[in-house]
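Analysis of the macromolecular model
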Amino acid sequence: MSILKGVGVALVTPFNEDLSVDFDSLTKLVNYNIENGTNYLVVLGTTAEAATLSAEEKKQVIEHIIKVNNKRVPLVLGIGGNNTLEVKKQIEEADLSEFEAVLSVSPYYNKPNQEGLYQHYKVLASTGKNIIIYNVPSRTGQNIEAETTLRLAKEFPNLFLIKEAAPNILQYFDILRKKPGGFNLVSGDDEYTLPVTLAGGNGVISVIAQAYPKQFSTMVQLAFDRKVDEAYEIHNKLVEITRLIFTEGNPCGIKVILAEMGIIKNYLRLPLVPASEGLHAKIKAEMANI
């Protein structure tokens, strides 16, 4: 699945003032990313506020993105949860004909041990679908340790990629160093994108890149080309705003930028709320610097 290489973007879901889905803004967002170098799009990930969308809204968002994309770039669909058999059922019943893979976050809240995490993904692998493991312990409350990831990678070829967002970058490097052929890793932490790519990663599934797709895609390509100094110039320009957008949680920060750019409106669904005035001002000031 080398097609999922470079910069993938975890799309936000734009809302109108009445909190209905803003499909016009979603069209603008998809086109803006494709036209500025994003390599693939992730639909209904965490950044999309998928937990607050109804089943019908999810269906409409999927259909809309497929239509707007018009096969221009590969698509990945987010399907995850903490009920293993329900996630398996959703993957089996989903129409994945337009998607290269499913991005499935590790079970949250339950806090399974490493054997439980292994068994969870073993069940998902039994669907025969291409599955991207997603490890984000800051959200799930439990880390998928490198040894568990490597065990899964060696046993199940359709678990072909991990979006790794552990807070310890050494875990990324351990996976990259020991992984079997055919298994790859992308950074799930925007700030780690460059060092992880230089270490052998396949790039990133990013939040900030949907606001700065041209810069981020250029940075990652420079990393692939081993042009380290030029890549770090872009990294250093974007690192402050990357940190800022996660200060009060995701996606409130990225929605500030996209709204300031005139791509979407700055609305979120509860329990999330828009960025504070102070953070909004800091983001706007850093945008001016960029």
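Residues numbered from 1 in each chain as written. Predicted model: local features only at pLDDT ≥ 70, side-chain atom pairs only at ≥ 80, totals over all residues. Heavy atoms only, no water.

1. Focus: the packing of aromatic side chains
Counting across every chain of the model gives two aromatic pairs. Note on Tyr172 and Tyr192: the rings are 5.4 Å apart at their centroids and 80 degrees apart in plane angle, and the pair reads as edge-to-face. In this pair, Tyr172 sits in helix H7 (residues 169–178) while Tyr192 sits in the loop between strand E7 (184–187) and helix H8 (193–198), placing the two residues 20 residues apart along the sequence. Look at Tyr172 and you get buried, because its relative accessible area is 0%. The ring of Phe224 carries Lys5 above its face, with NZ or CZ at 4.7 Å from the centroid. (Phe/Tyr/Trp six-rings, centres within 6.5 Å; stacked < 30°, edge-to-face > 60°. Helix = DSSP H or I, 4+ residues; strand = E, 2+ residues; numbered from the N terminus. Buried < 20%, exposed > 50% of the residue type's maximum accessible area, 1.4 Å probe, protein only. Lys NZ or Arg CZ within 6 Å of the ring centre and 35° of its normal.)

2. Side note on the pairing of strand E1 (residues 6–10)
Taken across its five residues, E1 has five buried, putting it largely inside the fold. Summarising the sheet, E1 and strand E8 (residues 203–206) pair through four bridges and their orientation is parallel. Bridged to Gly6 within E8 is Gly203. Bridge count for E1 against strand E2 (residues 40–43) is three bridges, and the pairing is parallel. By the bridge assignment, Val9 is partnered in E2 with Leu41. In this view, the connection linking E1 to its parallel neighbour E2 by way of helix H1 (residues 23–35) has right-handed handedness. (Pairing = 2+ DSSP bridges. Right-handed = clockwise from strand over helix to strand, strands pointing away.)

3. Considerations on helix H11 (residues 252–260)
Most of H11 is tucked away: seven of the nine residues are buried. On its buried face, H11 is in contact with H1, helix H10 (228–245) and helix H12 (277–289). Of the residues trailing H11, Gly262 is marked for its positive phi of about 80 degrees. (Contact = heavy atoms within 4.5 Å.)

4. So, the nonpolar core
By size, the foremost hydrophobic cluster in this structure holds 97 residues, and its most contacted members are Ile241, Ile254 and Ile257. Among the elements that make up this core, the one with the highest residue count is H10 (six residues). Setting aside its immediate chain neighbours within four residues, Ile254 contacts Val12, Val207, Ile208, Gln210, Ala211 and Ile245. (Core = buried A, V, L, I, M, F, W, Y, C linked by side-chain atoms within 4.5 Å.)

5. Some details on the environment of Lys88
Tracing the sequence through the fold places Lys88 in helix H3 (residues 84–93). C-alpha separation for the pair Lys88 and Glu145, spaced 57 residues apart in sequence, amounts to 22 Å. Not counting residues within four places of it along the chain, the set of residues in contact with Lys88 comprises Val123, Leu124, Ser126 and Thr127.

6. What to know about the side chain of Asn158
Inspection of the secondary structure puts Asn158 in the loop between helix H6 (146–155) and strand E6 (159–164). Using a relative accessible area of 14% as the deciding quantity, one classes Asn158 as buried. Excluding anything up to four places from it in sequence, Asn158 contacts Ala125, Gly128, Lys129, Asn130 and Ile131.

7. Quick word on the pairing of strand E4 (residues 101–105)
For E4, a buried count of five out of five residues is recorded, marking the element as mostly surrounded by other parts of the structure. By the alternation rule, side chains of E4 split into Ala101, Leu103 and Val105 and Val102 and Ser104, which are all buried. Note: strand E3 (residues 75–78) against E4, three bridges, orientation parallel. If you follow Gly78 over to E4, its bridge partner there is Leu103. Between the parallel elements E3 and E4, the chain passes through H3 in a crossover that is right-handed. Direction of pairing for E4 relative to strand E5 (residues 131–135): parallel, over a ladder of four bridges. Counted as the bridge partner of Val105 is Tyr134 from E5. With helix H4 (residues 114–125) bridging E4 and its parallel neighbour E5, the resulting β-α-β unit is right-handed.

By themselves these figures say nothing about function.
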